[in-house]
Amino acid sequence: MNTAYNKAQVRDAVTSKLARYFGTTPEEASEEQVYKSVVLSVKDILTQKRTDFKLDTKKQRGKKIYYLCMEFLIGRSLRNNLRNLGIADVYGEALAEMGFSIDEIYSLEPDPGLGNGGLGRLAACFMDGLTTLDYPATGFSILYEYGLFKQKIIDGDQIELPDIWMPEGDVWLVPRKDKTFTVKFGGHVVETWENGHCDIKHEDCDVVQAVPYDMMISGADSKAVNILRLWKACDTTNFNMNLFSQGQYVKAMEEDTNAEIISKVLYPSDNHTEGKFLRLSQQYFLVSASLQSIIADHLTTYGSLANFSEKVAIHINDTHPALVIPELMRILIDTYSYGWDDAWKLVTSTVSYTNHTVMPEALETWNEDLFKLKLPRIYTIVNEINRRFCAELWTAYPGDWDRISRMSIIGYNQIRMANLSVVGSHTVNGVSKLHSEILKKTIFHDFYKHTPGKFTNVTNGIAHRRWLCYSNPQLSALIDECIGDSWHKQPERLADFEKFASDSAVLDKIDKIKRANKANFAIYTENRTGIKLDPDSVFDVQIKRMHEYKRQLLNALRIISLYVQLKENPDLDITPQTFIFGAKAAPGYYMAKNIIKLISFIAADIEKDPRVREKLRVVFMEDYNVSLAEILIPAADISEQISLAGKEASGTSCMKLMANGALTIGTLDGANVEIFEQVGDENIYIFGLTTEEVDDLWKRGYNATQYYMQSEKLRSAVDALDAGFNGRSFADIKQYLVNPQYSHGIADPYMCLADFESYCNTHDAMLRDYNDREKWNRMSLVNTAKAGIFASDRSIREYADNIWHLRSIK
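To start, this report covers the structure provided alongside it. (Residues numbered from 1 in each chain as written. Predicted model: local features only at pLDDT ≥ 70, side-chain atom pairs only at ≥ 80, totals over all residues. Heavy atoms only, no water.)

**A word on empty space enclosed by the protein**
Here is step 1: The full count for this structure, using the stated rule, is 5 cavities of 30 Å³ or more.
Here is step 2: Within this model, the largest cavity holds a volume of roughly 180 Å³.
Here is step 3: Looking at the lining of the largest cavity, the elements that each hand over two or more residues are helix H3 (78-85), helix H6 (118-132) and strand S9 (206-218).
Here is step 4: Top contributing element to the lining of the largest cavity by residue count: H6, with 4 residues. (1 Å grid on protein atoms, 1.4 Å probe; cavity = no way out; pocket = protein on both sides within 12 Å on 5 of 7 lines; lining within 4 Å. Points joined across faces, edges and corners; volume = space filled by probe spheres on them. Helix = DSSP H or I, 4+ residues; strand = E, 2+ residues; numbered from the N terminus.)

**Quick look at the packing of aromatic side chains**
Here is step 1: What the rule picks out here adds up to 24 aromatic pairs.
Here is step 2: Aromatic side chains Phe389 and Phe447 sit 6.1 Å apart centroid to centroid with 10 degrees between the ring planes, which places their arrangement in the stacked category. Residue Phe389 is located in helix H15 (residues 376-396), and its partner Phe447 is located in helix H19 (residues 445-450); the two are separated by 58 residues in the primary sequence. For the pair shown, Phe389 and Phe447 are each scored as buried.
Here is step 3: Here Tyr448 and Phe455 contribute two aromatic rings whose centre-to-centre distance is 6.0 Å and whose plane-to-plane angle is 80 degrees, an arrangement assigned as edge-to-face.
Here is step 4: Classification of Tyr448 as partly exposed rests on a relative accessible area of 27%.
Here is step 5: Among the aromatic residues, those joined into a ring-pair cluster are Tyr67, Phe72, Phe126, Tyr799 and Trp804.
Here is step 6: Over the aromatic face of Phe539 sits the side chain of Lys518, whose NZ or CZ is 5.1 Å from the ring centroid. (Phe/Tyr/Trp six-rings, centres within 6.5 Å; stacked < 30°, edge-to-face > 60°. Buried < 20%, exposed > 50% of the residue type's maximum accessible area, 1.4 Å probe, protein only. Lys NZ or Arg CZ within 6 Å of the ring centre and 35° of its normal.)

**Details of the packing of helix H23 (residues 552-568) against helix H24 (residues 590-607)**
Here is step 1: It is the contact of H23 with H24, at a shortest axis distance of 11 Å, that shows an interaxial angle of 25 degrees. By the angle between their axes, H23 is roughly parallel relative to H24. When the axes of H23 and H24 are compared, the crossing they make is left-handed. Residue-level inspection shows Gln552, Leu553, Ala556, Ile559, Ile560 and Tyr563 of H23 in contact with H24, the latter providing Met591, Ile595, Leu598, Ile599, Ile602, Asp605 and Ile606.
Here is step 2: Residues belonging to the contact of H23 with H24 are distributed by class as follows: 11 nonpolar, 1 polar and 1 charged. (Axes fitted to C-alpha atoms, helices over the stretch in contact; angles between N-to-C directions. Parallel < 35°, antiparallel > 145°, perpendicular 65-115°, else oblique. Left-handed = near helix turned anticlockwise from the far one by under 90°. Contact = heavy atoms within 4.5 Å. Nonpolar A, V, L, I, M, F, W, Y, C, P; charged D, E, K, R; others polar.)

**Let's talk about the sheet that holds strand S14 (residues 410-411)**
Here is step 1: A sheet is described by the order of its strands in space; here 3 strands give the open sequence S13-S15-S14, paired in antiparallel fashion. Each edge of the sheet is formed by a strand with only one pairing partner; in this case those strands are strand S13 (365-367) and S14.
Here is step 2: Strand direction decides the pairing type here: S14 and strand S15 (residues 414-416), joined by 2 bridges, are antiparallel. Looking across to S15, one finds that Gly411 is bridged to Gln414. (Pairing = 2+ DSSP bridges.)

Below you can see the structure in the form of structure tokens.
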């Protein structure tokens, strides 16, 4: 506990905020008013720490990292900040004396709608690690008014509702209208030559104001407080007062509304031209505003761009911010009169890039005509980057048109953002050892052969304090009791916990803690859904973005198989199992939505059969988010990491579940490979084809029907899709699995049928071990003890040392 704050100080601070902002007293205040007053008092503490840290950074003239990402899935901030500052207990006691529960106050905070899945959660974990380790860092993203969407499941269908988080969530934001910049779209570019200098003017363009809102990010017992800067799009210059005065209100508001659309929603559907324009606008808006902010701050400190790459590192997390490369070129050339070669040298010594996918179809591209129309000046710069790069390639590989075509940034009327990211960055990293190797062998093979020193790996990591210390306080306290609390800031010290793997008293405590966490989640689920879960059943958890390659469908097929067996023989002796899913599907992704419907209808069908549901339950937790995960992950027994080998870049839910003692069933894919290396074969359940075997099977010709015909268990599960569940047939999913004509010439494109038998057999072995409680608890302890290497603190140190060349502020 931080002894610098006592209950009286907390009480005075909260009381003062209540009086100043709400004109009320603790006795008359609502919980919402108290929540906001508590947040405001915490912001005061963070602001002072932030001021001190900025002064130290300025004195030491330290290099800064600027981390750009389209999403930051930060979760609720109040508990995290109080725990990081070491004042959670004193705030809890002070509020209790004022008649309020700290847990109730925590629950009032909405999850900010600033992210969707692993990409955004990783960015949030990295900001936590950067701050805890006292690195000067700023994250940049967009202040989405409505986030992705609020998921509602109605009759099995995913319904997307607006995620209205701002009314309570914006209390953390600090408007910085003094740091506003303008971003230009459309129009045309005019070049004027005078005295050998080309003057560039952007005419007839749409001008949007980028207004920053800062969210302070705390670290655990750290000197640093860093900033997540979120840009809101506004148009205050084009309001037509004349039209408004004439009563043409809609027309008068139109331009203002068009500008503000940019920061309305995260990842708008792009299956139509307007959606593509909006996504491209969002990406350019983010990078242009952020770069203007970065350069302005640098010039304020140093007065010159001569040392820019020595003092600034810019990291693009996936390809969404890739336009930072041509935009930085534009600013240097058009505004600061740099020559091309000097500008390019500065850009390529400043920018680094993390790739997050090995799936060619997921690599972002833009239609060249659309790009040229929306960003004319950026288009000319990308064209020139490409021309010069292709000329370089022609020198290196004369006559090899195929290679040059593959590596070109522009090809077949498409602008390839991944190629742009590689060409314009000094370092490119994958996010797991396997992923980084696959990148070099497949999608970036030509680039790797051309510039092998550019490629490296940094395995993802999680904010272990949030996901273990704060989300699982009982297990955290047990670890503290055994090895002390140094692991909170030195996660590698978790390894010392393995010394207790044969201590029966510790193993018994682990068992009781897991049972308590399961009971807690069961209460939460009943309150939320009305479904009463059995905490003595196995909690089998799959929490991921809904996508075919993540193979929630494989999990569903095994559940169907169990269901078929239990309907045939309700007295079948099996271990009671509860399958818990959490996932959102992209609004335009039909197959993903259909799998959600299948899982929901299986669950509804089982609920109708009292005998079956004693042994088998399925729950789809709608609107999965960080706050739900913080309750569910500590309760999980089994962690489903079952993507087709070679498809998952890394994954981070596997790390969170592992740290909380869940045992992994998974393929040798993504970070599973490194978990396997850490815990050993005896503490993880690996099944299915390897990456090499998948590739070989595709080459030989994958025949899904062959697997379907060879296995009676598989066939009965697949055939059950015809009759369906809860009155609805899923024959279309059966056809997807067995009929090549149904799914673009490839039946079962993610090989669920090929891995089904291995998956079921491995699950059977897992359940046998689960019933040996001492063995299972020992394995659980080992997984927790080996999780230290997957902390984001380790990832950040590797980035700082090997890519950004960054030092912490002492």
